[in-house]
Amino acid sequence: MTGEGDQRSTIHHPAHKKYNLGLIGFPLGHSLSPQLHHAALKAMGLQGEYRLYPIPPLPEGLTALHTLLDRLQAGDIQGLNVTIPHKQNVLPRLIHTSPTVAAVGAANTLFLRENELFGENTDIPGFLSDLEDLKPFSSSIALVLGAGGAARAAVYAMLSAGWQVILAARRIEQARELAASLQTALHPSLKPISHTIPLESASLTNLLNSINIGLIVNTTPVGMFPHPNASPWQSGVPFPPQAAVYDMIYNPGETMLLKQARSAGLKVKNGLGMLVEQAALALELWTGLPVPRKAMWDAVLPKLEDAHAA
Ligand code: NAP
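Residues numbered from 1 in each chain as written. Predicted model: local features only at pLDDT ≥ 70, side-chain atom pairs only at ≥ 80, totals over all residues. Heavy atoms only, no water.

Chemist: Even after reading the chapter, I still don't get the overall build of the chain, so can you show me in this structure?
Modeler: Scanning the chain from terminus to terminus reveals ten helices and 13 strands. Against the globule reference of 19 Å for 310 residues, the chain gives a C-alpha radius of gyration of 19 Å, in line with a compact fold. Counting only C-alpha atoms, the chain reaches 60 × 45 × 40 Å along its principal axes. Considering the chain as a whole, with its 310 residues, one finds that 51% of them fall into the buried category. (Helix = DSSP H or I, 4+ residues; strand = E, 2+ residues; numbered from the N terminus. Rg over C-alpha atoms; globule rule 2.2 N^0.38 Å. Buried < 20%, exposed > 50% of the residue type's maximum accessible area, 1.4 Å probe, protein only.)

Chemist: Mind showing me how you'd approach the packing of aromatic side chains here?
Modeler: For the coordinates displayed, the defined rule picks out five aromatic pairs. When the ring of phenylalanine 127 is compared with that of tyrosine 246, the centres are 5.4 Å apart and the planes differ by 80 degrees; the resulting orientation is edge-to-face. With phenylalanine 127 in helix H4 (residues 123-131) and tyrosine 246 in strand E12 (residues 244-247), this pair connects stretches of sequence that are 119 residues apart. Neither phenylalanine 127 nor tyrosine 246 differs from the other in exposure class; each is buried. Ring plane angle 75 degrees and centroid distance 4.8 Å describe the contact between phenylalanine 137 and tryptophan 163, whose orientation is recorded as edge-to-face. Remark: tryptophan 163 occurs in the loop between helix H5 (149-160) and strand E9 (164-169) and phenylalanine 137 occurs in the loop between H4 and strand E8 (141-145); sequence separation between them is 26 residues. (Phe/Tyr/Trp six-rings, centres within 6.5 Å; stacked < 30°, edge-to-face > 60°.)

Chemist: What should I look at first to understand the site of the ligand in this one?
Modeler: In the vicinity of the ligand lie 20 residues, with Ala150, Arg170, Arg171, Gln174 and Met248 positioned nearest. Contact between the ligand and arginine 170: an oxygen atom at 2.7 Å from a side-chain N or O atom of the residue. When the ligand sits alone it has 930 Å² of accessible area, and the protein chains cover 74% of it. For the shell around the ligand, the secondary-structure elements that each account for two or more residues are H5 and helix H9 (272-287). Broken down by class, the residue content of the shell around the ligand amounts to eleven nonpolar, seven polar and two charged. (Near = heavy atom within 4 Å. Polar contact = N/O pair within 3.5 Å; in protein donor to acceptor, adjacent residues only side chain to side chain. Areas by Shrake-Rupley, 256 points an atom, 1.4 Å probe, with all protein chains shown as cover. Nonpolar A, V, L, I, M, F, W, Y, C, P; charged D, E, K, R; others polar.)

Chemist: What exactly am I supposed to notice about the nonpolar core here?
Modeler: Looking at soluble globular proteins, one finds that nonpolar side chains tend to be buried together. In this structure, Phe127, Val155, Met158, Leu215 and Tyr246 are the most contacted members of the largest nonpolar core, which totals 34 residues. Among the elements that make up this core, the one with the highest residue count is H5 (eight residues). Apart from residues no more than four positions distant in its own chain, methionine 158 is found in contact with Phe127, Leu128, Leu131, Ala142, Val144, Trp163, Val165, Leu215 and Val217. One finds Leu21, Met44, Leu272 and Met296 within the second-largest nonpolar core, a separate group that totals 25 residues. (Core = buried A, V, L, I, M, F, W, Y, C linked by side-chain atoms within 4.5 Å. Contact = heavy atoms within 4.5 Å.)

Chemist: What exactly am I supposed to notice about helix H6 (residues 172-185) here?
Modeler: Structurally, the α-helix is built with 3.6 residues per turn, so residues lying three or four positions apart point the same way. Taking 1.5 Å of rise per residue, 14 residues should cover 20 Å, and H6 covers 20 Å from first to last C-alpha, within 8% of that figure. The secondary structure elements touched by the buried residues of H6 are helix H3 (99-104), H5, E9 and strand E10 (195-198). (Expected span 1.5 Å × (residues − 1).)

Chemist: I keep staring at the pattern of salt bridges and nothing clicks. Help me out?
Modeler: Oppositely charged side chains are able to pair whenever their charged atoms sit close together. According to the stated counting rule, one finds twelve salt bridges in the structure shown. A single network of salt bridges, built from pairs that share partners, joins Asp130, Asp133 and Lys269. (Salt bridge = Lys/Arg side-chain N within 4 Å of Asp/Glu carboxyl O.)

Chemist: What is the right way to look at the pairing of strand E4 (residues 79-82) in this model?
Modeler: Here is the key point about a regular strand: its side chains alternate between the two faces of the sheet. Residues Gly79 and Asn81 point to one face of E4 and Leu80 and Val82 to the other, with burial holding for every one of them. In the sheet, strand E2 (residues 19-25) pairs with E4 via four bridges, with the strands oriented parallel. Bridge assignment links glycine 22 to a residue of E4, and that residue is leucine 80. Judged from the two bridges that link them, E4 and strand E6 (residues 109-113) form a sheet pairing that is antiparallel. Bridge pairing in E6 links leucine 80 to leucine 110. (Pairing = 2+ DSSP bridges.)

Chemist: Help me understand helix H7 (residues 201-210), please; the structure alone is not making it clear to me.
Modeler: Taken together, the buried positions of H7 are Ser203, Leu204, Leu207 and Leu208. For H7, the arc enclosing every buried residue in end-on projection is 125 degrees, short of the 170-degree limit, so these residues lie on one face. In H7, the exposed positions angled more than 90 degrees off the buried face are occupied by Asn206, Asn209 and Ser210. (Arc of directions from axis to C-beta.)

Chemist: In this structure, what is going on with the environment of isoleucine 77? I would like to understand it.
Modeler: Take isoleucine 77: it is sitting in the loop between helix H2 (62-74) and E4. For isoleucine 77 and threonine 100, which are 23 residues apart along the polypeptide, the C-alpha to C-alpha distance reads 24 Å. Discounting residues that sit within four places of it in the chain, isoleucine 77 has contacts with Asn20, Tyr53, Leu68, Arg71 and Leu72.

Chemist: What exactly am I supposed to notice about unusual backbone geometry here?
Modeler: Most peptide bonds adopt trans geometry, and most residues besides glycine take a negative phi value. Across the junction of phenylalanine 26 and proline 27, the peptide omega takes the value -5 degrees, indicating a cis bond. With respect to the helices and strands, the residue proline 27 is situated in the loop between E2 and helix H1 (33-43). With an omega dihedral of 10 degrees, the bond running from asparagine 251 to proline 252 counts as a cis peptide bond. Relative to the helices and strands, proline 252 resides in the loop between E12 and helix H8 (256-263). With a phi close to 65 degrees, asparagine 115 is a non-glycine residue in the positive phi region. Relative to the elements of secondary structure, asparagine 115 occurs in the loop between E6 and strand E7 (116-120). The exposure class of asparagine 115 is exposed, given its relative accessible area of 62%.

Chemist: Any chance you could explain the packing of H4 against H9 here in plain terms?
Modeler: For any two helices packed against each other, the geometry is given by the interaxial angle and the distance between the axes. At their nearest, the axes of H4 and H9 sit 8 Å apart, and the two run at 135 degrees to each other. By the angle between their axes, H4 is oblique relative to H9. Regarding H4 and H9, the two cross each other, and that crossing is right-handed. Between H4 and H9, the contacting residues are Asp123, Pro125, Gly126, Phe127, Ser129 and Asp130 on the first element and Gly273, Met274, Glu277, Gln278 and Leu281 on the second. Considered class by class, the residues forming the contact of H4 with H9 number four nonpolar, four polar and three charged. (Axes fitted to C-alpha atoms, helices over the stretch in contact; angles between N-to-C directions. Parallel < 35°, antiparallel > 145°, perpendicular 65-115°, else oblique. Left-handed = near helix turned anticlockwise from the far one by under 90°.)

Listed below in structure tokens is the structure:
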């Protein structure tokens, strides 16, 4: 596998009568990706189908994963997205990857480039572009809650964009491992993760007393449907008053964390924009055409409003 520069312009985009696209992951029951992609394909006047391919974790799903990647290699499928638990599992099959995939060790968008399997990660630019809406920030120091796969992408994205990042996780060793492994992947000119702390009241209070945090990013699943009353923010810890809060969760649209932060007067944003943007960027790579974001938003907003009402 090799990491290469952005060579979008060299990607050959044959016109397809019908695009066969899809998502590999497990479980996929609540995925909004088919709605996003079908709406965009329709608005672009393209024929296509975006299917869900629920492939169980390895080793059980190994044969099914390879069979699907063989179909991509054979040109029977033109594009695949990848989500939990396979974002790392696909890497050994990729002949080339973008530098971002090489650095974070996770791919979410696969396609053929010059007849070879190529992996990109559109979560990272999707997240960064969605953060723009929260500007201006009161400082360039961010506190990231959680240290799993989404944290890895978010932290890499923020360090690349010049943020200083503090990582808080319930298992401090997980935060330290993430910091150490990302450090080796980063360009020498980028700042390392400055602190890792336990995600508990005393450590957060100490931190907030001494550092002006401009942005809090939740990458834990705490507060996600069907547990909307849970929050990763520790009770009794005041929010830093000048901070903005980004929650990667998009269902419910306003998590308990966002409610708490908004009540404290902070600017808040959920993760739906990231979901839409990573999908739009993937479809642009597969088709070589501009993708109308509005069609995607229109397709998923009513679904989420229904889910909240349910
Ligand atoms: P993951 O790899 O399983 O990581 C989850 C992290 O949250 C781990 O550090 C985990 O710690 C921590 N965590 C879990 N339960 C916790 C709790 N009760 N208290 C404190 N920490 C807890 O999952 P992921 O792939 O990073 O995804 C995390 C969230 O991001 C999900 O809600 C996902 O839907 C969302 N996401 C959204 C987008 C988007 O486009 N908006 C994209 C990617 C992910 P342990 O290891 O100790 O459990």
